[in-house]
Amino acid sequence: MTMTAQPVRSESAPRPTASRQFIDKVFKARELAVAVVLVVMLLATQISNGEFLSEQGIKDLLLNSTILVLVATGQAVVVITRNVDLSVGSVLGISAFAAGNYLQSGGNSLIAVLLAVALGAVFGALNGALVSLGKVPALVVTLGTLYVVRGIDSIWVGSRQITADGLPSGFVDFGTNGISVVPYLALLTLAVLLCVGYYLRSYRSGRDMYALGSSPEAANLAGVPVRKRIMTAYVLCGALAGLAGALYLARFGNVDSATGNGYELTVVSAVVVGGVAFTGGAGTVYGAALGALLLTSINSVLPALGVSSVWVTAINGLLLLLAIAVDRILALRVAAVLRKQAAQMRSARHD
Amino acid sequence: MTHPEPETTPVLALEEVSKSFGAVRALRGVSLRLYAGEAHALAGENGAGKSTLIKALAGVHRPDAGTVLLDGAPVEFHGPADARDAGVAVIYQEPTLFPDLSVAENIFMGRQPRRSLNRVDHRAVKRAAADLFARLGVDLDPDQPARGLSIADQQLVEIAKALSFDARVLIMDEPTAALTGSEVARLFGVVKTLREQGAAVLFISHRLEEIFALCQRVTTLRDGALIGSEPLEGLTEDDLVRRMVGRDLDELYPKQETEAGEVALQVRRLTREGVFTDVSFEVRRGEIVGLAGLVGAGRSEVARAVFGVDRFDGGEVEVLGTSLKPGAPSVAMAAGLALVPEDRRAQGLVMDMSIERNIGLTGFAETTRAGLMNRKAERSRSVDWAVKLQVKYARLADVVGTLSGGNQQKVVLAKWLATGPQVLIVDEPTRGIDVGTKAEVHRLLSSLAAEGVAVLMISSDLPEILGMADRVLVMHEGRLTAEIPRAEATEETVMAAATGRTKEGSAAA
């Protein structure tokens, strides 16, 4: 380098804090952005339709989203490890029926919920074993289990149906009542969400999940027990899908062999819209929950605005594409900033 | 002061360890003993088995035969975690970091300081990382994500990781390749302190003077076999080279003198945003031009852009006077360009296909009539080239995945030479192949140049660059930093330009 370049460089030599802050903001802002879109959308709807955020309206909104939030929480953990679980819809369906079947034969409500969770966990363990031991891509494995579980469900359930009148009234009440406008189901879901979020952030095994998704090879070299962690993620995801099945039963009181059909794609959309990188390693369960909230809200917002609900699917898809596009653009921006910063640090160090 | 083999038990040792990958025998009955308080150098050429040996010590690979001994007792490391828990710290040649996580988390992954209820103490993680950086004297922010760090900074994070626990054995695979002089000095200071505190050190470097500066004992590998283990004192650099290469250098680098002809490949101000900038050079007929630089300097990326695999944002590529369309490999091939890529398994070959069909991939224009392939023409074309390059195979229909690394590389070369290129770009042509095949490849490149082909050879193997190239181009962090004629090219001049320690000689033609 020439002499004249020296003073310029030494001025820019101190750590480029502005760019650091930009990056920090970008990573923290993702959840915030989804939250802002959600709030703006709800407020706008409220302004054009005063009935929308009535007591019942809020309650419905929360009730409708709890199940998706719960499944999305589990899915987010799996996606963070650079895997995916497509079988959640089937697992939810079969767990819901198992719990309902047990309750109809006079079972205890709490045990019914635990039964659904355990059943979900078993299917999660099956997925985890196939993915981690078989080293088969998760997309294919869980597509397989999606159909297998649905098939078992169909054979077992047949044309039977669980209806609310066959269930204990306490169980059904738990599914619809709450503390003022907040349903019990939403509280339970919130508790689960906070626990999983805290686990991912503050426990070694939780950090391992991020490491695994960020670079599987580096995780292996760093001594992360790769198989065990993938297993944990799938069992957690399956258990939460099972729990969601129990809540579904409590909320709707109606389960047949088609329950949860096609649910997996909504869940994955919610996770991605909420900022969990599909390539693993980045994102939070809170983001996934916000994504789930956003997607369910659209379901309620459109009718309130007088738009036909046939648009819902298309808009969900559009949101998904938007989320991915934003991710890509941000990733490129961040990479450019980091590169510039690294170059500055380097020239500062070499002087 | 002499260093006879100490009487004490080695901290970590390998006894008669062998390891194969498919047809490739990476290690053959190798023994190695690491003693407390001693720095041990591991010498050998690229592909001699050094990295495999390290991975056996680090619990990444489990030996097919032989034992790993910890404090004299046989152990089985079931994974890197086992080795780490036994006090073995490894700095790998190519940094393996988590791009999405902070630098601090990268260092302490799996070993984070904890507070009550086993929760990770994020603040302590950050503080400990900052302390490590202070000890190493580097200016890195613990909160910064690893994504976007330069190779040198990534290497420093790896070093910090290895130092972050009180290692009994510190293994370093080319830790200094990307570092500046002062960073190297500081690293050596830290290593020396660790050694004096009783740690055993295993050190790999291509810079022989570093081996002599840091180590007391040296073990030499060649083609996966143990050549010898001896005190460094009394050895000269030439002795070491002879042990590593096992033959005269003239024989390994049979460079023929050639007359440089017209310009065959002209690259002007080639730029790909954020990858490489303003790269200009030319390669003449009959010349072998070496492109040196550290891993990550952007050499392969330049080659990919020239050949049209990647697009470029600015600049121009001309082959024999015709300007190439960016991002169009078929146009480049038609113009007489061929690229033998860096990673033969992923980029050079279709591993599940036969030798015949792999070579045939570049010849569809010749072997196809009216849209139908003529299998007979493909076969005879493939046989010609396989025989010409002396590929060792049982049947031409054998799947290339079953061949040894050296033979696979010959198939890749055959595939591209069959197109009759005027300009040949070879990226790491001898990585991971045995010394014998290496010499054959060098002889081939040399005779191609003598026939008037313009050869651009990218290599991380410095002796290869120095031994084969008529001119050496050096890249550093995406820029061409030096052009050195054969007569002036030495390990020092090339490495200085590759690490950015000097900006002199940047007067690229």
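Residues numbered from 1 in each chain as written. Chains lettered and ligands numbered in written order. Predicted model: local features only at pLDDT ≥ 70, side-chain atom pairs only at ≥ 80, totals over all residues. Heavy atoms only, no water.

In the nomenclature of an unreviewed UniProt entry, chain B corresponds to Sugar ABC transporter ATP-binding protein from the organism Streptomyces sp. NBC_00119. UniProt annotates chain B under Subcellular location (unreviewed entry) with the comment "Cell membrane". (UniProt positions renumbered as here; feature names shortened; annotations may be inferred.)

Caption draft 1: Here's a closer look at the state of the cysteines. All names here are of chain A. For the structure shown, the criterion picks out zero disulfides over all chains. Cysteine Cys195 shares no disulfide, and the gap to the nearest cysteine sulfur, in Cys237, comes to 17 Å. Classification of Cys237 as buried rests on a relative accessible area of 1%. (Disulfide = S-S within 2.5 Å. Buried < 20%, exposed > 50% of the residue type's maximum accessible area, 1.4 Å probe, protein only.)

Caption draft 2: Main features of the pairing of strand 12 (residues 276–284) of chain B. Residues and elements named next belong to chain B. Across six bridges, the pairing between strand 11 (residues 263–272) and strand 12 is antiparallel. Within the sheet, the bridge partner assigned to Gln266 lies in strand 12 and is Glu282. Connecting strand 11 to the antiparallel partner strand 12 that follows it, the hairpin turn spans three residues, and Gly274 within it adopts a positive phi of roughly 75 degrees. (Pairing = 2+ DSSP bridges. Helix = DSSP H or I, 4+ residues; strand = E, 2+ residues; numbered from the N terminus.)

Caption draft 3: Representation of the packing of helix 8 (residues 184–202) of chain A against helix 9 (residues 204–214) of chain A within the structure. All names here are of chain A. It is the contact of helix 8 with helix 9, at a shortest axis distance of 5 Å, that shows an interaxial angle of 80 degrees. As the angle between them shows, helix 8 and helix 9 are arranged roughly perpendicular. Between helix 8 and helix 9, the residues in contact are Tyr199, Leu200, Arg201 and Ser202 and Arg204, Ser205, Gly206, Arg207, Met209 and Tyr210, respectively. Residues of the contact of helix 8 with helix 9, tallied by class, amount to four nonpolar, three polar and three charged. (Axes fitted to C-alpha atoms, helices over the stretch in contact; angles between N-to-C directions. Parallel < 35°, antiparallel > 145°, perpendicular 65-115°, else oblique. Contact = heavy atoms within 4.5 Å. Nonpolar A, V, L, I, M, F, W, Y, C, P; charged D, E, K, R; others polar.)

Caption draft 4: Up close: unusual backbone geometry. All names here are of chain B. Here Leu320, not a glycine, exhibits a phi torsion of approximately 50 degrees, which is positive. Here Leu320 lies in the loop between strand 14 (314–319) and strand 15 (322–323). Despite not being glycine, Glu477 shows a phi value in the positive range, around 50 degrees. In this structure, Glu477 sits in the loop between strand 21 (471–476) and strand 22 (479–485).

Caption draft 5: Structural view of the nonpolar core. By size, the foremost hydrophobic cluster in this structure holds 135 residues, and its most contacted members are Leu170, Leu265, Phe281 and Leu337 of chain B. In contact with Leu170 of chain B, other than residues within four places in its own chain, are Ala89, Ile91, Ala162, Leu163, Val191, Leu194, Ala200, Val201 and Leu202 of chain B. With 90 residues, the next largest nonpolar core counts Ile67, Ala116, Leu247 and Ala288 of chain A among its residues. (Core = buried A, V, L, I, M, F, W, Y, C linked by side-chain atoms within 4.5 Å.)

Caption draft 6: Quick look at the sheet that holds strand 21 of chain B. All names here are of chain B. Read across the open sheet, the six strands follow the order 16-19-20-13-21-22; overall the sheet is mixed. On the outer flanks of this sheet lie strand 16 (337–340) and strand 22, each paired with one strand and no other. Within the sheet, the average angular offset between the axes of one strand and its neighbour, ignoring direction, is 20 degrees. Looking at chain direction, strand 19 (residues 423–427) and strand 20 (residues 454–458) are connected through five bridges and run parallel. Looking at the pairing, Ile425 lines up with Leu456 of strand 20.

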